[in-house]
Amino acid sequence: MKVLDPRQLQPDTTETERILNVLDETIVKLEITRLIPRIIGSLERYARMLGPEITSRLLEHQKLSMEIQHLLASPGDEETKRAAEQRLKCSLRNILRLLLANPLLYHGLKYKVRVRESPADVFIKAFMEFRDFTLEKLLTSPDEEKEKIQFMKDISLQVEKNTETISALREELAAVIQTRDEELNKKDKTIENLKTSMEDLAKDCKAEIQHIMEEGENQQKEDEKASQDRCARLKQEVQLLGARFNALVLEHRASELVVRKEKCKAEREIQKWVQKYDIDMAEKQATYDELQAVYNDEKEQLSLLMEKHALLLQEYTEIEEERRMLKEKEEEAAQEEARRNNAATCIQAFWKGYLVRSIYKSKLKKGKGKRKGKK
């Protein structure tokens, strides 16, 4: 498949790349040349996109084209025609050079300008096929060429074998069709026999249907007579039931009057009870409203008292706290006073002991001195 598909071939030499570049550039020039008449026809639309230089070149090319058409339509000097054609060719080359110098502009025009199909498209397509064929020829080596030829021979042999197989299958198909036609003929004959038997059966059925209809008419007459007798009996029963119904209606009307009177009496009693209930409920509602108003007042007073109680409780707590602190201070002062008294008592006792001991010692010393003097 790589040998047969030119798109899979890649250039491998500089000369091949140059040839392909020339062919690709020619294809681009052909596509641009195909767009030029359409662009000239709507030049005001594409003038901003093209720019002033290309627009002026296109206007000049349009004038040269009209001049060439005028010269071709009227007989004239051949040299003038050739000179005009040369100027037209030069103008086209300049336009192509300017457009090729700006590839983005060319691609934008290619997708924006809509051109109907024309013989130029066929020529461009053929030239592209020529480019692929040239690439294939340039990149195909002799061995690959032989391989391709051998491959085409193998394909031809395969086609011949397939043709023979198709012929055999066609013969087999013809035999099968013939067999099917014979079976269809047999089925057609069977269908005709069935149609004949169905016609005979329809005749027999028609006679049977006639006999059944006669029996049905006789049965219908007997049923009509029986139904008439039954209708007469039913009419008598209906009359008896109607008389009984009328008697029951008269009987129930009297009881209905009594029930209606009782109903009216009960409705009046209910109405009285409802009125009494409404009056009682109105009085109770008034009492409830008064109690609710008193309750709301007392609730407001209670909330005020609760607020005052909270304040008083807070003040009481503070006073109790102050009292407790004062009591603790008094207890501490009493304990301190008692400690001081104890300390003073101890000091006084110690001092008294000291004085007594001092006095006692001095007396002892004086007694000793007197004894020594006597001696």
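Residues numbered from 1 in each chain as written. Predicted model: local features only at pLDDT ≥ 70, side-chain atom pairs only at ≥ 80, totals over all residues. Heavy atoms only, no water.

J.: Just to check I follow, could you spell out the domain arrangement of the protein chain for this structure?
T.: Interfaces are often sized by the amount of accessible area the parts lose when they come together. Splitting the protein chain by domain gives domain 1 (14-140) and domain 2 (283-332). Between the C-alpha centres of domain 1 and domain 2 the distance comes to 110 Å. (Domains from an automatic or database assignment.)

J.: Is there a simple way to think about the pattern of salt bridges in this case?
T.: Charged atoms that come close allow side chains of opposite charge to pair. Inspection of the entire model under this criterion finds 9 salt bridges. Here Arg323 and Glu320 are joined by a salt bridge, their closest N and O atoms 3.6 Å apart. With Arg323 and Glu320 both in helix H7 (residues 142-374), this residue pair falls 3 residues apart, about one helical turn. On the accessibility criterion, Glu320 (29% relative accessible area) is partly exposed. The shortest N-O distance in the salt bridge between Glu336 and Arg339 comes to 1.5 Å. Placement of both Glu336 and Arg339 in helix H7 is noted, with a separation of 3 residues, approximately one turn of the helix. By relative accessible area, Glu336 is classed as partly exposed at 28%. Members of the salt-bridge network, linked through shared partners, are Asp24, Arg131 and Asp132. (Salt bridge = Lys/Arg side-chain N within 4 Å of Asp/Glu carboxyl O. Helix = DSSP H or I, 4+ residues; strand = E, 2+ residues; numbered from the N terminus. Buried < 20%, exposed > 50% of the residue type's maximum accessible area, 1.4 Å probe, protein only.)

J.: Looking at this structure, how should I read the packing of helix H1 (residues 14-41) against helix H3 (residues 52-73)?
T.: For any two helices packed against each other, the geometry comes down to the angle between their axes and how far apart the axes lie. Look at H1 against H3: their axes get within 10 Å of each other, and the N-to-C directions meet at 100 degrees. Between H1 and H3, the crossing angle belongs to the class labelled roughly perpendicular. When H1 is examined against H3, the residues Ile36, Ile39 and Ile40 are found in contact with a partner set consisting of Leu58, His61 and Gln62. Its residues placed into classes, the contact of H1 with H3 shows 4 nonpolar, 2 polar and no charged. (Axes fitted to C-alpha atoms, helices over the stretch in contact; angles between N-to-C directions. Parallel < 35°, antiparallel > 145°, perpendicular 65-115°, else oblique. Contact = heavy atoms within 4.5 Å. Nonpolar A, V, L, I, M, F, W, Y, C, P; charged D, E, K, R; others polar.)

J.: Before we go on, may I ask you to explain the nonpolar core in this structure?
T.: Burial of nonpolar side chains together is a common tendency in soluble globular proteins. In terms of nonpolar packing, the biggest core is built from 16 residues, with Ile39, Leu50, Ile54, Leu58, Leu99 and Leu109 touching the most fellow members. Looking at this core, the elements with two or more residues in it are H1, helix H2 (43-50), H3, helix H4 (78-100) and helix H5 (103-112). With 5 residues, the next largest nonpolar core counts Ile68, Leu71, Ala84 and Leu88 among its residues. (Core = buried A, V, L, I, M, F, W, Y, C linked by side-chain atoms within 4.5 Å.)

J.: What's the story with the UniProt feature "coiled-coil region" (unreviewed entry) in the protein chain in this structure? I'm lost.
T.: Summarizing the sequence annotation, UniProt attributes the feature "coiled-coil region" (unreviewed entry) to residues 152-222 and 281-346 in the numbering used throughout. Here residues 281-346 is 100% helix and 0% strand, with 91 Å between the C-alpha atoms at its ends. (UniProt positions renumbered as here; feature names shortened; annotations may be inferred.)

J.: Please clarify how the side chain of Arg131 should be interpreted in this entry.
T.: Mapped onto the secondary structure, Arg131 falls in helix H6 (residues 119-139). Overall, Arg131 belongs to the buried group, its relative accessible area being 19%. At a separation of 3.0 Å, a polar atom in the side chain of Arg131 contacts the side chain of Asp24. Not counting residues up to four positions away in its chain, the partners in contact with Arg131 are Leu20, Leu23, Asp24 and Ile27. (Polar contact = N/O pair within 3.5 Å; in protein donor to acceptor, adjacent residues only side chain to side chain.)

J.: Explain the packing of H2 against H3 to me, please; I cannot follow it from the model alone.
T.: Close contact between H2 and H3 brings their axes to 8 Å; oriented N to C, the two are set at 145 degrees. On H3, the residues touching Leu43, Ala47 and Leu50 of H2 are Ile54, Thr55, Leu58 and Leu59. The residue makeup of the contact of H2 with H3, split by class, is 6 nonpolar, 1 polar and no charged.

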